[in-house]
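Examining the three-dimensional arrangement
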Amino acid sequence: MIEDALLAQRGALIGWVPVCLALGIGWYFSVGEEPGAVFMAGIGICAVVLLVLSRLVNVAYAPIMIGLMLVIAGAGLAKWRTMSVEAPTLGFRYYGPIEGRVVNIDRSASDATRLTLDRVVLEDFAPDRTPARVRVSVHGTQVMTTFRPGETLIMTGHLSPPAGPAEPGGFDFQRHAWFLELGAVGYTRTAVLRLAEPARAGWRMRIFAIRMALSQAVQEAMPGDTGAFAAAIMTGDRSAMDQEALADLRAANLAHLLAISGLHMGLLTGFIFAVIRYGLALVPWIALRLPLKKIAAVCALCVGAFYLALSGGNVATERAFIMVAVMFVAVLLDRRALTLRAVAMAAIIVLIWQPEALTGPGFQMSFAATTALVAVFGYLRRFDMSRLPKWSRPILSVVISSFVAGLATAPFAAAHFNQIAHYGLIANLLSVPLMGVLVMPAAVLAVCLAPFGLWQVGLWFMDLGLRWILFVADHVAGQPGAVGHVVAPHWFVLPLVATGLLVLILWQGRGRFAGLVAVLISGVLWQQSGRPAVLVADTGALLGVIGPDGRALSSESGSGFVAGIWLENDGGPVEQAVAAARNGLQRDGRVVRAMLGDWEIVQVSGKMALADLDGCGGADVLISNQVDPLSRPCTQYDLDDLRKSGALAFDLTEHGDLQVTTAHGVAGNRPWNRRQGPAEPSRVLTKDQRAAEATLVTEMTSRQ
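Residues numbered from 1 in each chain as written. Predicted model: local features only at pLDDT ≥ 70, side-chain atom pairs only at ≥ 80, totals over all residues. Heavy atoms only, no water.

Once that is clear, we can look at the overall build of the protein chain. In terms of helices and strands, the protein chain carries 25 helices and 19 strands. A compact globule built from 704 residues would reach a C-alpha radius of gyration of about 27 Å, and the protein chain, at 28 Å, matches this within 12%. Projecting the C-alpha coordinates of the protein chain onto the three principal axes gives extents of approximately 100 × 75 × 55 Å. Here the contacts in the protein chain between residues at least 6 apart in sequence split such that 66% fall between residues at least 24 apart. Within the structure as shown, the protein chain displays about 34,800 Å² of accessible surface, and the carbon and sulfur contribution to it stands at 63%. The averaged location of the 52 negative side-chain charges in the protein chain is 13 Å from the averaged location of its 55 positive side-chain charges. (Helix = DSSP H or I, 4+ residues; strand = E, 2+ residues; numbered from the N terminus. Rg over C-alpha atoms; globule rule 2.2 N^0.38 Å. Contact = heavy atoms within 4.5 Å. Areas by Shrake-Rupley, 256 points an atom, 1.4 Å probe, with all protein chains shown as cover. Lys, Arg positive; Asp, Glu negative; His and termini not counted. Charge placed at Lys NZ, Arg CZ, Asp CG, Glu CD.)

Written out as structure tokens, the structure is:
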């Protein structure tokens, strides 16, 4: 029985190769301690043994051996990638001169211009200790209003090491920055000055300069939101997008139209493929002598490669190009282009090239959508659609593709962004077809006419299409209940969803319906996902307590980024001032008190308030945003302690004890957070333990 089921999979095993690689990569990023060289060598030997065993065991069980070997290979790829991008990271807060070359320009969440600099020079820093790249947000009144790729700038600013998770188990920006080779982030409010003009550089900087010049030209030719939208989809530069328009696009589930991903790459290359193939078919001499389909595939592939380079080559665009490249190579080899085999090959290439992409929403959502679409349309080939009217077939295809892609990506979008666009299907049905039949062809037309000074013709048509899309986004987002919010799931829910969907699509036979069971179980577990009763920011400046109206915050301003993440993960994002006005906290000047069962947690802000506090002020746990020189008779987390622990979460155990979870304890001892030293572990506090600690502190204080 088992052997028969395993033998039935042999025609579709390629689909499980990226799954096995992903299991190994996921294991590597989830462990709490960095695997050492001896351990990796040991599992490498195991991989060789498994490969040998695959030649010796029954043919039905050989794929299991190879699959386990691929899991080990995935872990090895992730380890190699981590070591290959290692670069210096700032170990403390820095204020002083910053010099560097502009290698990227975008906008921060606060709508400020943000510069990524390489060739960094910091005062009193040796070259081997200086971060390879830093990212600086530019605030205040500036003499320079535009920045050019490749120019060397100098400024005075603040830099800090990349921040850890806003809460235990949350998004780890430190890891994200590690793979970007980003060693520090910060801001400046002083004048940014040009130290040197852009010099002759490699092809990457030249393409970056072309990209920014094209973006600027498009925005000048098409002022307003449509020009910023056009620049985003043509060059990948989203720095001019209005924050309100961005919010509307997200609420209508149309934000994916901004990112140069599979949709844009597919529409562009598909348009080029069709124009060249059918255009050459109009010339009988060429049509009868040359393989038009293959010529069109090569041309589309070249255009896609240029689009990849022009767009900045971010991860989403790289994934899209790889998938398109696999499709056109299949055409060149006379194979079916859109198959699960092609999707699997694209996923394998991405995971080998950038294993860290697995943990990001872009990889998960794009491959979820593509895999589901290929599987569903492959299944629909069994049905005879010729009976349907010709005019209805494209409409039906758009409806099915929008519904399937939205359904496949919904759990990943909800888990990562904590929101669901209830009218996203309607918005996509009204917008996506226009991207294919008007906006992207008009973009190609504009580029083709640009050498003749006539690109305004193409831009005019683009403007019409983009105005409609922004109109749809604005009206859909404005509908009551357009956006729903969900609680962040436990860490194991999303992998369970992905496993269930993969089994449902890839497994051959009735056993595939076990995947549907896994998806349903994950939904139940998601509903039971809880949130920490009390959260503390890693600066000690913000406290959040679950109260009768939702999470109450200790401050109505400051630490706004952390506050926003907490409230989003709670599934109830509101303004920070609104959350600060909720019941659940007792405030007395700069002293804030919270009760969790029998435990009193006190947060003290400022040196004077901390100095005026008598002992622990009645607290069982004392939180401070200052370095406290005193030993107090309670469990204490001052600024030094919080640097070691990261953000804190407090919950009650079933026995009424206090469970303290630390962000660094959850993240573990990994290369991207080793600069903080040994991580403060998570622990459980009991009343007896707290009383013993208080007695010890009192005795030590009396002796002194």
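Among the surface-exposed residues, Asp-225, Asp-242, Glu-244 and Asp-474 lie close enough to one another that they form a single negatively charged patch. One can find Asp-225 in helix α7 (residues 225-235). By relative accessible area, which is 33% here, Asp-225 ends up partly exposed. (Patch = residues over 30% accessible without salt bridge, like charges linked within 9 Å, V, L, I, M, F, W, Y side chains within 5 Å. Salt bridge = Lys/Arg side-chain N within 4 Å of Asp/Glu carboxyl O. Buried < 20%, exposed > 50% of the residue type's maximum accessible area, 1.4 Å probe, protein only.)

Turning next to the packing of aromatic side chains. A full pass over the atoms with the stated rule returns 14 aromatic pairs. Relative to Phe-125, the ring of Tyr-94 has its centre 5.7 Å away and its plane inclined at 90°; by these criteria the two rings are edge-to-face. Placement of Tyr-94 in strand β1 (residues 94-107) and of Phe-125 in the loop between β2 (113-122) and β3 (133-138) is noted, with a sequence separation of 31 residues between them. Relative to Phe-367, the ring of Phe-363 has its centre 4.7 Å away and its plane inclined at 45°; by these criteria the two rings are tilted. (Phe/Tyr/Trp six-rings, centres within 6.5 Å; stacked < 30°, edge-to-face > 60°.)

A complete count under the given rule lists 16 salt bridges for this structure. The salt bridge involving Glu-34 is made with Lys-79; its shortest N-O contact spans 3.1 Å. On the criterion of sequence distance, the pair formed by Glu-34 in the loop between α2 (16-30) and α3 (37-54) and Lys-79 in helix α4 (residues 62-84) is long-range, its members being 45 residues apart. Of the two residues, Glu-34 and Lys-79, neither departs from the other in class, the shared state being buried. Between Asp-106 and Arg-114 there is a salt bridge, with the nearest N and O atoms lying 3.0 Å from each other.

We now examine the sheet that holds strand β16 (residues 635-637). Each strand in a sheet pairs with its neighbour through backbone hydrogen bonds, running either in the same direction (parallel) or in the opposite one (antiparallel). Across the sheet, five strands lie side by side as β12-β13-β14-β15-β16; this open sheet has mixed pairing. Each edge of the open sheet carries a strand with a single partner, namely β12 (586-588) and β16. Each adjacent strand pair in this sheet contributes to an overall mean axis angle of 20°, direction not counted. Bridge analysis of β12 against strand β13 (residues 591-596) gives three bridges, and the strand direction is antiparallel. Counterpart to Asp-588 in the pairing with β13 is Val-591. (Pairing = 2+ DSSP bridges. Axes fitted to C-alpha atoms, helices over the stretch in contact; angles between N-to-C directions.)

This part is about the environment of Pro-97. The topology assignment puts Pro-97 in strand β1. Separated by 58 residues in sequence, Pro-97 and Met-155 have C-alpha atoms that sit 5.7 Å apart. Among residues more than four places away in sequence, those in contact with Pro-97 are Val-121, Leu-122, Glu-123, Met-155 and Thr-156.

On to the nonpolar core. Among the nonpolar cores identified, the biggest contains 53 residues, and Phe-229, Leu-249, Leu-254, Met-462, Leu-466 and Ile-469 are the most heavily contacted of them. Secondary-structure elements contributing two or more residues to this core are α6 (203-221), α7, α8 (243-251), α9 (262-281), α11 (292-310), α12 (315-332), α16 (424-449) and α17 (455-477). With sequence-adjacent residues up to four places away left out, Ile-469 is seen in contact with Phe-229, Leu-249, Leu-254, Leu-257, Ser-431, Met-435 and Val-439. Counting residues in each nonpolar core, the second largest holds 34 residues, with Leu-50, Leu-70, Ala-78 and Phe-179 among its members. (Core = buried A, V, L, I, M, F, W, Y, C linked by side-chain atoms within 4.5 Å.)

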